[in-house]
Amino acid sequence: MAKLSQDELLEQFATLTLIELSEFVKAFEEKFDVKAAAPVAVAAGGGAAAVEDAAEEQDEFDVVLTAAGDKKIQVIKEVRALTSLGLKEAKDLVDGVPATVLEKVAKDAAEKAKAALEAAGASVTVK
């Protein structure tokens, strides 16, 4: 019997019906004492883990100033308190809205910064 290449085997399997293919898999499992479903379950488990990782909650957030509001001086003070910016840099940031105030911070720090900026009269989003 001539040895078939992988492509030739795939072409042969493509001509089989699902019932014939199922019977072949059963015969293959019996002959070689293996279980064909195990690798499929592992692959499906890996896929589920990837979906689970993607669904995990985001742990780094950006605090974006969208509008300074009426109390611009208080917003500048809050920006300075939240960052290490000087007066001119903080003013430029507030003048150049929308601007990112904090990048890649924890959720609680982002929420505190948002609350402080909103208390000063600014409009803020957390991304």
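I will try to describe carefully the structure that is included in this document.

Reading guide: rules and limits
- Residues numbered from 1 in each chain as written.
- Predicted model: local features only at pLDDT ≥ 70, side-chain atom pairs only at ≥ 80, totals over all residues.
- Heavy atoms only, no water.
- Axes fitted to C-alpha atoms, helices over the stretch in contact; angles between N-to-C directions.
- Helix = DSSP H or I, 4+ residues; strand = E, 2+ residues; numbered from the N terminus.
- Parallel < 35°, antiparallel > 145°, perpendicular 65-115°, else oblique.
- Left-handed = near helix turned anticlockwise from the far one by under 90°.
- Contact = heavy atoms within 4.5 Å.
- Nonpolar A, V, L, I, M, F, W, Y, C, P; charged D, E, K, R; others polar.
- Expected span 1.5 Å × (residues − 1).
- Buried < 20%, exposed > 50% of the residue type's maximum accessible area, 1.4 Å probe, protein only.
- Arc of directions from axis to C-beta.
- Core = buried A, V, L, I, M, F, W, Y, C linked by side-chain atoms within 4.5 Å.
- Pairing = 2+ DSSP bridges.

**So, the packing of helix α4 (residues 72–82) against helix α6 (residues 107–119)**
The N-to-C vectors of α4 and α6 enclose an angle of 160°; their axes lie 8 Å apart at closest approach. In terms of their interaxial angle, α4 and α6 are classed as roughly antiparallel. For the element pair α4 and α6, the recorded crossing hand is right-handed. Along its contact with α4, which presents Val-75, Glu-78, Val-79 and Leu-82, the element α6 presents Ala-113, Ala-116 and Leu-117. In terms of residue class, the contact of α4 with α6 is made up of six nonpolar, no polar and one charged.

**Looking at α6**
In an α-helix there are 3.6 residues to a turn, and that puts residues three or four apart on one side. Along its 13 residues, α6 runs 18 Å from first to last C-alpha, staying within 8% of the 18 Å computed at 1.5 Å per residue. Looking at α6, one finds that the buried residues are Ala-110, Ala-113 and Leu-117. One side of α6 holds all its buried residues, which, seen down the axis, span an arc of 65°. Of the exposed residues in α6, those oriented more than 90 degrees away from the buried face are Lys-112 and Ala-119. Elements that come into contact with the buried residues of α6 comprise β1 (61–67), α4, β2 (99–105) and β3 (123–126). Two residues or fewer past α6, Gly-121 is found with a positive phi of approximately 110°.

**Side note on the nonpolar core**
Counting 20 residues, the largest nonpolar core has Val-63, Leu-65, Val-75, Val-79, Val-94 and Leu-117 as its most contacted members. Those elements that place two or more of their residues in this core are β1, α4, α5 (87–95), β2 and α6. Not counting chain neighbours up to four residues away, the residues in contact with Val-94 comprise Leu-65, Ala-68, Lys-72, Val-75, Ile-76 and Val-79.

**Let's talk about the pairing of β1**
Alignment of β1 against β2, held across four bridges, turns out to be antiparallel. Note that in β2 the partner of Leu-65 across the bridge is Ala-99. Sheet analysis places β1 next to β3, joined by four bridges and oriented antiparallel. Looking at the pairing, Ala-67 lines up with Ser-123 of β3.

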